[in-house]
Amino acid sequence: MGEVKTPRQWFLWSIALIYVCAFASIYVQIPGLYGDEGILPVRLQMPKEQRPLLEQESLLYLGPSLGLAPQQTLELMCLLGVALGLGAVLLEPLRDSLIYLCLQALYLSLYNVGGDFLHSKWDVLLLEAGVLAVLVAPLGLLRRHSSYSYHDPVSFWLTRWLFFRLTFCTGVSKLASGDPTWYDLSALSHHLENQMNPTLLAWYVHQLPDWLLRLGAVVVLQSEITVPLVTFFAPIRRLRLFGFYVQLFLQLCYILTGNCSLLNLLSITLSFSLLDDDHFNSNSGPKKKGQEKKPRSYGQALVSYLTLLMELAVYLFILYCFITLFKIQINWEEKTLSSKTSFNQKGFDAFLEVFQELTIWIGVLSFTWEAVSAMLNCVCTRGIASKLWSLLQWAVITVAAAAVFALSVVPYTSMAGMSVSKVLPAVRDAYRAVERYQLVGAYGIQHRLISAEGRPEIILEGSYDGLTWTEMNPMYKPGNVNAVPPIVGPHQPRLEWLMWQAAQGGDDTSPWFTGLIQRLLQGKPEVVSLLQVDEAQYPFSQRPPALIKAKLYNYHFTDPAKDKTHLQNWWRRQYKKDFFPIVNLDDPTLKKLLEESGLKEKFPVQPGSDTPVSQVLSLIRGHVKGLSGSLVLSTLLATLAGIFLIKAVFSWALGSRKPRPASADHKPRKPKEPSEMAEKSQAPATSNRGSKKDSNEKKYSERSPRKRK
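Here is what the cut-offs are and how they apply
- Residues numbered from 1 in each chain as written.
- Predicted model: local features only at pLDDT ≥ 70, side-chain atom pairs only at ≥ 80, totals over all residues.
- Heavy atoms only, no water.
- Axes fitted to C-alpha atoms, helices over the stretch in contact; angles between N-to-C directions.
- Helix = DSSP H or I, 4+ residues; strand = E, 2+ residues; numbered from the N terminus.
- Parallel < 35°, antiparallel > 145°, perpendicular 65-115°, else oblique.
- Left-handed = near helix turned anticlockwise from the far one by under 90°.
- Contact = heavy atoms within 4.5 Å.
- Nonpolar A, V, L, I, M, F, W, Y, C, P; charged D, E, K, R; others polar.
- Core = buried A, V, L, I, M, F, W, Y, C linked by side-chain atoms within 4.5 Å.
- Buried < 20%, exposed > 50% of the residue type's maximum accessible area, 1.4 Å probe, protein only.
- Domains from an automatic or database assignment.
- UniProt positions renumbered as here; feature names shortened; annotations may be inferred.
- Pairing = 2+ DSSP bridges.
- Salt bridge = Lys/Arg side-chain N within 4 Å of Asp/Glu carboxyl O.
- Phe/Tyr/Trp six-rings, centres within 6.5 Å; stacked < 30°, edge-to-face > 60°.
- Lys NZ or Arg CZ within 6 Å of the ring centre and 35° of its normal.

Draft legend 1. Inspection of the packing of helix α2 (residues 70-90) against helix α3 (residues 97-113) at higher detail. Where α2 meets α3, the axes come as close as 10 Å, and the angle between the chain directions of the two elements is 150 degrees. Taken together, the axis directions place α2 and α3 in an arrangement best described as roughly antiparallel. Relative to α3, α2 is oriented so that their crossing is left-handed. Where α2 approaches α3, its residues Leu74, Met77, Cys78, Leu80, Gly81, Leu84, Gly85 and Ala88 are matched on the opposing element by Ile99, Tyr100, Cys102, Leu103, Leu106, Ser109, Leu110 and Val113. Classifying every residue of the contact of α2 with α3 gives 13 nonpolar, 3 polar and no charged.

Here is the structure:
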């Protein structure tokens, strides 16, 4: 693989931008989730005794020493993360290993105290990608400058291995879990309405013919299982580019139909590991004279033809799997395609047993190739000191990368259908020892089965008298059947994500759900803002409800051909069951659940100290209060886009001011080289004798104003 200077910079820039989105999204939701009046007050998780710094799992526990309340400590951590991330996005020198280490420590601190709200798949992926960013980024803040090093392809290879594990495990888990909707290829039709935040485009895609949606399911499985196997670690550059564009197309489809989430952004960021500098320089401009390609030798032509044949063989293999494994047949009369899986779960499990160890060995060979290539480049450097220093850096980075790769094998072999018995016991012990630091994550282990009965949703209802009930419709997930599916963007609504999961799992005894019911009965505005920011859209904005209950409905996208209501409704729903019983603040059932969840208030809230830092945090919170998370992130990203646009305009304006070319009569003299000047100064006096013309030129130069000075 060629040099990776440009893809590495893209990766580091994208990781910094994702950190900005993640920290800003969490910051907006802190009062409602973890505040003193929130669902799960973080102050209840503070240890009773102060522990040493090295034994603490979160920077939250340093808050009392700074004179900050737990909520304000979380806010300070998020604001620091946003500031550092913005610095790395705008300034290339700040894309440094120390900056990414600070971002990783801050996000890990939030993860360790965030509970269920921060234990999502994209949180785990961001933590692992953050660890890789620490290894990939240069260490230039402690030096005057940072440059591209020979060992950088070794550390950057880890991002490709992570991208392979994420993509391959996601595809494998769909079939290894025995999900019937993926075996009968109806999963895509149900997934469009069952995903977390479907968009308006998802409704239109859902109206496509059934045969086309089944073909889409085949494309998804092929893109996540077959394509990564044969392209991600291929020695042929064009195959890796093919894998990159396939995954980019897949992620863009996910974004357009299911909103842009951190998981999609991280997947695109990791896909940059399939690129190299030649891909960006291939279209740099027309070639100058003298730079035409030289005729290739017979050996080079033979290698080129063999490479082309291997590339065509891979494409044919993908097409063969596409046709034979899913029995693709064309109906020319009806102009449709029929598809059906030609294997069952038992056959797929046999496939996993064969390819489990094979994929690991492919990773070992690919990593060894990158490590040996980097070592040879270090050996070829000029100078003994430079050679030893390059080899020392290579050894440190290679050992660290090999350790991360070995640790990642443990969760990789833990997905459905695989076995960890072949992993060395020492590696498993090391993984358990560092598991709390989230160095590597597991993906595809818990695949959630797609329901063919519709999208289950929890609907909260409030009442003052127990007779008239009014629904509390949230901002970002289906509630009102007339509401248009919203655009959420990179904002991650944590409460609605857990409600979406609870509806699919049927768990109504979670501590967070009990805390939600309690705060809504109390009418806490911090929690109400998680459901609805606009007071006009919340029916109990003037007075909290006296009673609350929760029902479970199954939602379906409307079908214009059948329902005839698509002009008014986007959803249709059916009542399934009661999810949570009717309770009030004095209900013994609610008090018992709060006590079992550890949310029973035993001590009054202690007022925080009025320090300058606390005042600044309160001032910032006052400006953000009342704004939705999607609005805050959209404003932040629009500001960044404006800054980059202004920089681009200034660069274009300065670049367009080129100096005028000198005329033929007044051509500028070429400055003399220092070596020529030294030779002339050391020449004997006899050599200065020349023609009459030369002596006149010398006298003229001596009489010039510059010479007289």
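From this point on, the discussion continues.
Draft legend 2. Main features of the nonpolar core. In terms of nonpolar packing, the biggest core is built from 164 residues, with Ile39, Tyr100, Leu460, Trp512, Phe513, Leu516 and Leu520 touching the most fellow members. Looking at which element gives the most residues to this core, the answer is helix α1 (residues 5-34), with 17 residues. Shared between two domains, this core holds at least three residues of each, these being domain 1 (184-281 + 300-343) and domain 2 (455-585). Filtering out sequence-adjacent residues up to four positions away, tyrosine 100 remains in contact with Leu12, Trp13, Ile15, Ala16, Ala88, Arg95, Ala133, Val134 and Ala137. In this structure, Val227, Ala234, Ile236 and Val314 belong to the second largest nonpolar core, which totals 7 residues.

Draft legend 3. Structural context of the UniProt feature "transmembrane region" (unreviewed entry) in the chain. In the UniProt entry, the feature "transmembrane region" (unreviewed entry) is given for residues 12-30, 74-91, 98-118, 124-142, 248-275, 302-326, 391-412 and 631-654. End-to-end, the C-alpha atoms of residues 248-275 are 12 Å apart, and along that stretch the chain is 75% helix and 0% strand.

Draft legend 4. Looking closely at the sheet that holds strand β5 (residues 547-557). Read across the open sheet, the 4 strands follow the order β4-β3-β5-β6; overall the sheet is antiparallel. The two strands at the open ends of the sheet, each matched to only one other strand, are β4 (470-471) and β6 (571-583). Summarising the sheet, β5 and β6 pair through 9 bridges and their orientation is antiparallel. Paired with asparagine 554 across the bridge in β6 is glutamine 574.

Draft legend 5. Expanded view of the pattern of salt bridges. Throughout the structure, instances matching the rule amount to 17 salt bridges. Two residues, arginine 494 and aspartate 123, come together in a salt bridge whose shortest N-O distance is 2.6 Å. In this pair, arginine 494 sits in helix α17 (residues 494-505) while aspartate 123 sits in helix α4 (residues 121-136), placing the two residues 371 residues apart along the sequence. Linking glutamate 457 and arginine 455 is a salt bridge whose minimum nitrogen-to-oxygen distance equals 2.6 Å. On the basis of relative accessible area, glutamate 457 is assigned to the buried category, the value being 0%. Salt bridges here are not isolated pairs; linked through shared partners, they connect Glu37, Arg519 and Lys524.

Draft legend 6. Region of interest: unusual backbone geometry. Positive phi values are uncommon outside glycine, yet lysine 335 reaches one of about 55 degrees. By secondary structure assignment, the location of lysine 335 is in the loop between β1 (329-331) and β2 (336-338). The exposed category is assigned to lysine 335, whose relative accessible area is 70%. For glutamine 438, which is not glycine, the phi dihedral falls at a positive 55 degrees.

Draft legend 7. Layout of the packing of aromatic side chains. Going through the model one piece at a time under the given rule, you end up with 43 aromatic pairs. Taken together, a centroid distance of 5.1 Å and an interplanar angle of 65 degrees make the contact between phenylalanine 242 and tyrosine 315 edge-to-face. Residue phenylalanine 242 is located in helix α10 (residues 237-258), and its partner tyrosine 315 is located in helix α13 (residues 298-324); the two are separated by 73 residues in the primary sequence. Relative to phenylalanine 513, the ring of tryptophan 512 has its centre 5.5 Å away and its plane inclined at 85 degrees; by these criteria the two rings are edge-to-face. The pair formed by tryptophan 512 and phenylalanine 513 is uniform in burial state, with each residue classed as buried. The rings of Trp157, Trp161, Phe163, Phe164, Phe168, Phe232, Phe233, Phe367, Phe405 and Tyr412 are connected pair by pair, giving a single aromatic cluster. If you follow arginine 543 out to its NZ or CZ, it ends over the ring of tyrosine 464, 3.9 Å from the centre. Sitting over the face of the ring of tryptophan 469, lysine 549 holds its NZ or CZ atom 4.4 Å from the ring centroid.

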